[in-house]
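Results of the structural survey
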Amino acid sequence: MLKSFNDLKNLIQGEQPKRVALVAAEDSVMIAAAARAQADGIAQFVLLGDASQIKEMIISTGQEFEVIHTKTPIADAIALINEGHADLLMKGKVSTGNLLKGVLDKASGLRQGQLLNHIAVIESPAYHKLLFISDGGINLSFNEQTYEHMIRNISEYLKRLGYSDPRYAMLSLVETVNESIPETVIARNVVDQLSAEYQIEGPIAPDVALSAKAAQQKNLNSNIAGEVDVFLMPNTTAANHLVKGLSALGGCKVGGVVVGAKVPIILLSRSDDADTKYRSILLGLV
Ligand code: COD
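Residues numbered from 1 in each chain as written. Predicted model: local features only at pLDDT ≥ 70, side-chain atom pairs only at ≥ 80, totals over all residues. Heavy atoms only, no water.

In the neighbourhood of the ligand, 15 residues make up the surrounding shell, with Arg111, Leu116, Gly137, Ile138 and Asn139 lying closest. The contact in question runs from an oxygen atom of the ligand to an N or O atom on the side chain of Arg111, over 3.0 Å. Here a nitrogen atom of the ligand and a backbone polar atom of Leu116 are 2.8 Å apart. Considered on its own, the ligand offers 860 Å² of accessible surface; in the complex 56% of this is hidden by protein. Per-element tally for the shell around the ligand: the top contributor is helix 5 (residues 96-104), with five residues. (Near = heavy atom within 4 Å. Polar contact = N/O pair within 3.5 Å; in protein donor to acceptor, adjacent residues only side chain to side chain. Areas by Shrake-Rupley, 256 points an atom, 1.4 Å probe, with all protein chains shown as cover. Helix = DSSP H or I, 4+ residues; strand = E, 2+ residues; numbered from the N terminus.)

Structure follows, in structure tokens:
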């Protein structure tokens, strides 16, 4: 179990630094986060994009970077990975949609399994361990099959972080199945389908998932209450708003990564600060 991003960093520190292909790197905040990861000795960056702009931005970092001048940074970064010259992909000054279209390209992309999903990771002063939230970034609608693929991807990722049996909550408004609240029906179907393999409960509201006391007060029997690791959100907007709310108003540290492709993809919002970008780099390096 990881309590913090610091724990995560300790996992990575000491390993062979991975090579990160940063797509459209002409962004000073992005370069500051990359420089910090390089200075920490946990990653080496290849910066793809407008070389003259990038080189100007590098100067103040005091770090040396490999820079590749290109007008097609998405395709070139993906090619670097496919040829074994880089280990993971990081989004720079390009749109998420365009980057993902490159990643999903059947001929030249980085497809592997059935589905890619985004995991946001939260370190909260009010919770005793990291909380993983999916999917506020990639999939735009979820059905039973989407959840199954997401859970398998998350489980594989968490194994690399040392989790053998994480606890999953299919979040909903209430704990009872109600046909008028579609996510409760989907949650029940997913739990029926996967509970033999995973510690998963739902439909379950976040107050119960986060607190054994709340479960007790509501007279609910739960094995995950107060110990949940993963929130599977009812829809993309809810997931995205929860993460942004926790970051902006809740005093939480956040980061995010995309799993399910051949390599992890560090996917950032262009408005993220350098610390958030750095934490997302840590998540990609695992
Ligand atoms: N995983 C794997 N394959 C996928 C996924 C996925 N998550 N989504 C689509 N595909 C495959 C489909 O199976 C198909 O073969 C091909 O990609 C095209 O699928 P479409 O036509 O349904 O989807 P697109 O190309 O219109 O869009 C797919 C994107 C992933 C690009 C799109 O959903 C997207 O832009 N998502 C990100 C949304 C966003 O901007 N998030 C930022 C929030 S901060």
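After presenting the structure, the write-up continues.
In terms of domains, the protein chain is made up of domain 1 (1-112 + 261-286) and domain 2 (115-258). Summarising the inter-unit geometry, the C-alpha centres of domain 1 and domain 2 are found 27 Å apart. Each partner contributes to the interface: domain 1 provides 21 residues, whereas domain 2 provides 19 residues. Between domain 1 and domain 2, roughly 1900 Å² of surface is buried when both sides are summed, and carbon and sulfur atoms account for 67% of that area. Where domain 1 meets domain 2, there are zero salt bridges. There are eight residue pairs in polar contact (both at pLDDT 80 or more) connecting domain 1 and domain 2. Put simply, the parts of the chain that give the side of domain 1 that touches domain 2 at least two residues each are helix 1 (5-12), helix 5 and helix 11 (274-285). No other element matches the five residues that helix 11 contributes to the side of domain 1 that touches domain 2. Of the residues assigned to the side of domain 1 that touches domain 2, the class counts are 14 nonpolar, five polar and two charged. (Domains from an automatic or database assignment. Contact = heavy atoms within 4.5 Å. Buried area = accessible area lost by both parts, 1.4 Å probe. Salt bridge = Lys/Arg side-chain N within 4 Å of Asp/Glu carboxyl O. Nonpolar A, V, L, I, M, F, W, Y, C, P; charged D, E, K, R; others polar.)

Okay, the pattern of salt bridges next. Considering all chains together, one arrives at 11 salt bridges under this definition. A cluster of three or more residues bridged by salt bridges with shared partners is formed by Lys129, Glu227 and Asp229.

With that out of the way, let us pick up the nonpolar core. Core analysis: the largest hydrophobic core is formed by 57 residues, its most contacted members being Phe45, Ile200 and Leu232. Taken together, domain 1 (1-112 + 261-286) and domain 2 (115-258) each give at least three residues to this core, which thus spans both. Apart from the residues within four sequence positions on either side, Phe45 is in contact with Val20, Leu22, Ala34, Ala37, Gln38, Phe65, Glu66, Met90 and Ile281. Within the second largest apolar cluster, 24 residues are counted, among which are Ala24, Ala77, Ala86 and Ala261. (Core = buried A, V, L, I, M, F, W, Y, C linked by side-chain atoms within 4.5 Å. Buried < 20%, exposed > 50% of the residue type's maximum accessible area, 1.4 Å probe, protein only.)

Among the structural elements, Leu89 can be located in strand 4 (residues 88-91). When its relative accessible area of 0% is taken as the criterion, Leu89 is described as buried. Each C-alpha atom of the pair Leu89 and Val20 lies 5.8 Å from the other, and the pair is 69 residues apart in sequence. Apart from the residues lying within four places of it in its own chain, the contact partners of Leu89 are Ala21, Val23, Ala77, Ile78, Ile81, Leu99, Val103, Leu110, Val263, Pro264, Ile265 and Ile266.

Its place among the elements puts Ser124 in the loop between strand 5 (117-123) and strand 6 (131-134). One polar contact links the side chain of Ser124 to the main-chain amide nitrogen of Ala126, over a distance of 2.9 Å.

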